[in-house]
Amino acid sequence: MQSMIFDAHLDLSMNAMEWNRDLTKSVQAIRDREKGLTDKPDRERGTVSLPEMRKGRVGLCVATQIARYVGLDNPLPGWHSQEQAWAQTQGQLAWYQTMVKRGEMKQITNADELSAHLKLWETAEDTSSLPIGFILSLEGADSFYELACVEKAWAYGLRAIGPAHYGPGVYAYGTDSTGGLGTKGRALLKEMDRLGFILDATHLCDQSFSEAMDLYTGPVWASHHNSRALVPHNRQFSDEQFSLLIQRGAVIGTAFDAWMLIPGWERGKSTPENTGVSLEHVANHIDHICQLAGNSQHAAIGSDLDGAFGTEQSPGDLGTIAGLQKVPDILRQRGYKSNDIDNIMYKNWIRFLLDAWK
């Protein structure tokens, strides 16, 4: 039987609502419908759908809400008010809730629900009709137009929050920006701590990361983050930052975006074919975490597949999300034992959540 997989970062609702992809269809059907479209660079190249996840036994994931607020001096795409960003996340929430009503997905909010869903998938010979379990996460907290939104979000099942995404945010500074948490960021972390949220350190710039790690006393993970030692860029974490996360008991999901896997990737010029980027490079980043930790208990999968990129910017031997099933063999060939492979593929995330939700 294939290994079960827990993928800690998928922008499913963004694909459904902004890319207009019907994720209940096959990946091939979505690609066929996008033939000739040029509004997104990854048209006809998507890798994720719910049937494809079932095919690859990806029975659990961290699924995001995401909507960036951008000020007048911010050139990044996003919403022009926090209230608009909040409304966007609520539309995304409605899509998840509809998938739950249809039996396509199952929201997981506590340890009992997680254990029951895990048992369902671990014992199933045929996963083709099983619901995909998901833990809801917010990537970038800009959409919280008031602090009361944090408790509202907890009530609808949000369980993890990354305070920043790209650029300067309302509560923290993210990738390609520099700055600390400020008064609003500190208030956000205090409220998250009170309610029991998981802090997702992903995308925090160095200063915001350092301050957040000092202030936050609750559980911390990095859902989709790679190594700066292997690919120098501020989007990645340094070995010192990874070591601090490991000391806190964090699990770190390796991302599959090609520019984060190999150095020297040039957007619009590099391709999987002319660079040779492959799942072996994913394994390099996984192995780096294991070597830093001295064990297999902190490395995991956090692919970010279809996070505004498709096969044009992912490992050339992946194909679709079902290709995650190739990772265990690659690790096995590197000398990883079965228990270590299971840790990386899903058990580390499970253990982390059961500990966080005691």
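Rules used throughout
Residues numbered from 1 in each chain as written. Predicted model: local features only at pLDDT ≥ 70, side-chain atom pairs only at ≥ 80, totals over all residues. Heavy atoms only, no water. Helix = DSSP H or I, 4+ residues; strand = E, 2+ residues; numbered from the N terminus. Buried < 20%, exposed > 50% of the residue type's maximum accessible area, 1.4 Å probe, protein only. Core = buried A, V, L, I, M, F, W, Y, C linked by side-chain atoms within 4.5 Å. Contact = heavy atoms within 4.5 Å. Pairing = 2+ DSSP bridges. 1 Å grid on protein atoms, 1.4 Å probe; cavity = no way out; pocket = protein on both sides within 12 Å on 5 of 7 lines; lining within 4 Å. Points joined across faces, edges and corners; volume = space filled by probe spheres on them. Nonpolar A, V, L, I, M, F, W, Y, C, P; charged D, E, K, R; others polar. Phe/Tyr/Trp six-rings, centres within 6.5 Å; stacked < 30°, edge-to-face > 60°.

A closer look at unusual backbone geometry
- Look at His 203: it is not a glycine, yet its phi comes out positive at around 80 degrees.
- Within the secondary structure layout, His 203 lies in the loop between strand E6 (198-200) and helix H8 (206-215).
- Its relative accessible area of 4% is what places His 203 among the buried residues.
- For Ala 308, which is not glycine, the phi dihedral falls at a positive 75 degrees.

Considerations on the nonpolar core
- In this structure, Leu 12, Met 53, Phe 144 and Leu 245 are the most contacted members of the largest nonpolar core, which totals 108 residues.
- The leading source of residues in this core is helix H14 (residues 338-356), at eight residues.
- Setting aside residues up to four positions removed in sequence, Met 53 forms contacts with Leu 10, Leu 12, Val 48, Val 58, Cys 61, Ile 132 and Ile 321.

Quick word on the environment of Phe 134
- Topologically, Phe 134 is positioned in strand E4 (residues 132-139).
- In sequence terms Phe 134 and Lys 106 are 28 residues apart; their C-alpha atoms lie 6.2 Å from each other.
- Residues within four places of Phe 134 in sequence aside, it is in contact with Cys 61, Ala 63, Tyr 96, Val 100, Met 105, Lys 106, Gln 107 and Ile 108.

Structural notes on the environment of His 285
- Relative to the assigned elements, His 285 resides in helix H12 (residues 279-293).
- Here His 285 falls in the buried class, since its relative accessible area comes to 2%.
- For the pair His 285 and Thr 254, spaced 31 residues apart in the sequence, the C-alpha separation amounts to 6.6 Å.
- Those residues in contact with His 285, other than ones at most four positions away along the chain, are Asn 226, Ser 227, Leu 230, Val 231, Thr 254, Met 260 and Leu 261.

A few points about the pairing of strand E1 (residues 5-10)
- For E1, the tally of buried residues reaches six of six residues, placing the bulk of the element in the interior.
- In this structure, E1 lies alongside strand E2 (residues 58-65), joined through four bridges in parallel fashion. Within the sheet, the bridge partner assigned to Asp 7 lies in E2 and is Cys 61.

Some details on the layout of surface pockets
- Each pocket or cavity is described by its volume, and for the largest pocket that value is around 950 Å³.
- Around the largest pocket, the lining comprises 34 residues; the ones closest to its centre are Trp 19, Pro 77, His 165, Gly 307 and Ala 308.
- Of the residues in the lining of the largest pocket, the class split is 14 nonpolar, nine polar and eleven charged.
- Counted as a void, the second largest pocket has a volume near 220 Å³.

Regarding the environment of Arg 31
- For Arg 31, the position within the fold is in helix H2 (residues 27-33).
- With a relative accessible area of 17%, Arg 31 lands in the buried category.
- C-alpha of Arg 31 to C-alpha of Ser 3: the two residues are 28 residues apart in sequence and 27 Å apart in space.

Remarks on the packing of aromatic side chains
- Summed over all chains, the structure comprises ten aromatic pairs.
- When the ring of Phe 6 is compared with that of Trp 349, the centres are 6.1 Å apart and the planes differ by 40 degrees; the resulting orientation is tilted. Note that Phe 6 is positioned in strand E1 and Trp 349 in helix H14, a separation of 343 residues in sequence.
- When the centroid spacing of 5.2 Å and the interplanar angle of 65 degrees are considered together, the rings of Trp 95 and Tyr 96 count as edge-to-face. When sorted by exposure, Trp 95 lands in the same class as Tyr 96, which is buried.

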